[in-house]
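Geometric and topological summary
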Amino acid sequence: GESVGLHLPTLSVQEGDNSIINCAYSNSASDYFIWYKQESGKGPQFIIDIRSNMDKRQGQRVTVLLNKTVKHLSLQIAATQPGDSAVYFCAEPGGYQKVTFGTGTKLQVIP
Amino acid sequence: DVKVTQSSRYLVKRTGEKVFLECVQDMDHENMFWYRQDPGLGLRLIYFSYDVKMKEKGDIPEGYSVSREKKERFSLILESASTNQTSMYLCASSPRRGPSYGYTFGSGTRLTVV
């Protein structure tokens, strides 16, 4: 069936380095994706989104890349900080704005 | 600051009890959702509502029901709690139309059924 999923469950990164979190999707008709960040004890929060007519979108210290050929997207975090430690989800909105979430990647920032 | 508020952060209930999880949003959103979150399984949609008194089953509705009597409040009901319903429950809301960054989550209720 259709799915939105992540390659790695846990990613450890040295403080100051760049982080890359990957996500694969299987529905070639998907046209919109969102990245969420979930800190411990909190609900997921929107980080950045991208539409299928774009290959790249930049925010503050974050960049999302979309490769429609291989159905893959990634979230890049520049100069990773301790406050970036969280679980990151890629997600795909559906009808009524229902959102299908991947299983998440835990980012651990090493001081 | 707009928010989605879940009434309890932690709950411990006994098997067979009827459990109510409450969610209130102050953003005048039409859509409201209940998810459960389990390690390795991510977020799974239980039920959602796109209007007052309207409800739709999500991916895992078995063992749950919901109530939406007022626009701002969406309740999740476990008719007879079981240990396999031990989980983190997350409520969310969104406007009917508009970008999905309007999709706002509460902080979650961690339910333990013993």
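Residues numbered from 1 in each chain as written. Chains lettered and ligands numbered in written order. Predicted model: local features only at pLDDT ≥ 70, side-chain atom pairs only at ≥ 80, totals over all residues. Heavy atoms only, no water.

**Comments concerning the layout of surface pockets**
Basically, it comes down to this: The definitions used throughout rest on a 1 Å grid laid over the protein atoms alone, on which a cavity is an enclosed set of points accommodating a 1.4 Å probe that cannot get out and a pocket is an open set flanked by protein within 12 Å on both sides along at least five of seven lines; lining residues are those having an atom within 4 Å of a point. Grid points are joined across faces, edges and corners, and a volume is the space filled by probe spheres set on the points. Secondary structure elements are defined from DSSP: runs of H or I of at least 4 residues count as helices, runs of E of at least 2 residues count as strands, and each element is numbered from the N terminus. Classes in brief: Ala, Val, Leu, Ile, Met, Phe, Trp, Tyr, Cys and Pro nonpolar; Asp, Glu, Lys and Arg charged; the others, Gly included, polar.
By volume, the largest pocket amounts to about 580 Å³. Lining the largest pocket we find 25 residues, and of these Gln38(A), Val87(A), Gln37(B), Pro39(B) and Arg110(B) sit closest to its centre. Elements represented by at least two residues in the lining of the largest pocket include exactly β9 (86-93) of chain A together with β4 (31-38) and β9 (87-94) of chain B. Here the lining of the largest pocket gets 3 residues from one element, more than from any other, and that element is β9(A). When grouped by side-chain class, the residues that make up the lining of the largest pocket number 7 nonpolar, 12 polar and 6 charged.

**As for the state of the cysteines**
Here is the idea: a disulfide is a covalent bond, and it sits between the sulfur atoms of two cysteines. Applicable threshold: Note on terminology: pairs of cysteine sulfur atoms within 2.5 Å are recorded as disulfides.
For the structure shown, the criterion picks out 2 disulfides over all chains. The partner cysteine of Cys23(A) in its disulfide is Cys90(A), sulfur to sulfur 1.7 Å. The sign of the S-S torsion, about 50°, decides the handedness of the disulfide formed by Cys23(A) and Cys90(A): right-handed. In this pair, Cys23(A) is assigned in strand β3 (residues 19-25) and Cys90(A) in strand β9, connecting sequence segments 67 residues apart. The disulfide that involves Cys23(B) links it to Cys91(B), with 1.9 Å between the sulfurs.

**Looking at the interface of chain B and chain A**
Put simply, an interface is often sized by how much accessible area is lost when its parts join up. Note the threshold: Any two residues whose heavy atoms approach within 4.5 Å are treated as being in contact. Polar contacts, as used here, are pairs of N or O atoms within 3.5 Å; protein pairs need one atom able to donate a hydrogen and one able to accept it. Residues neighboring in sequence count only if both atoms are side-chain atoms.
With 25 residues of chain B in contact, the opposing surface of chain A contributes 19 residues. The interface formed by chain B and chain A holds 3 residue pairs in polar contact (both at pLDDT 80 or more) in total. Within the residue set of the side of chain B that touches chain A, elements represented by two or more residues are β4, β5 (42-49) and β9 of chain B. Its residues assigned to classes, the side of chain B that touches chain A comprises 13 nonpolar, 9 polar and 3 charged.

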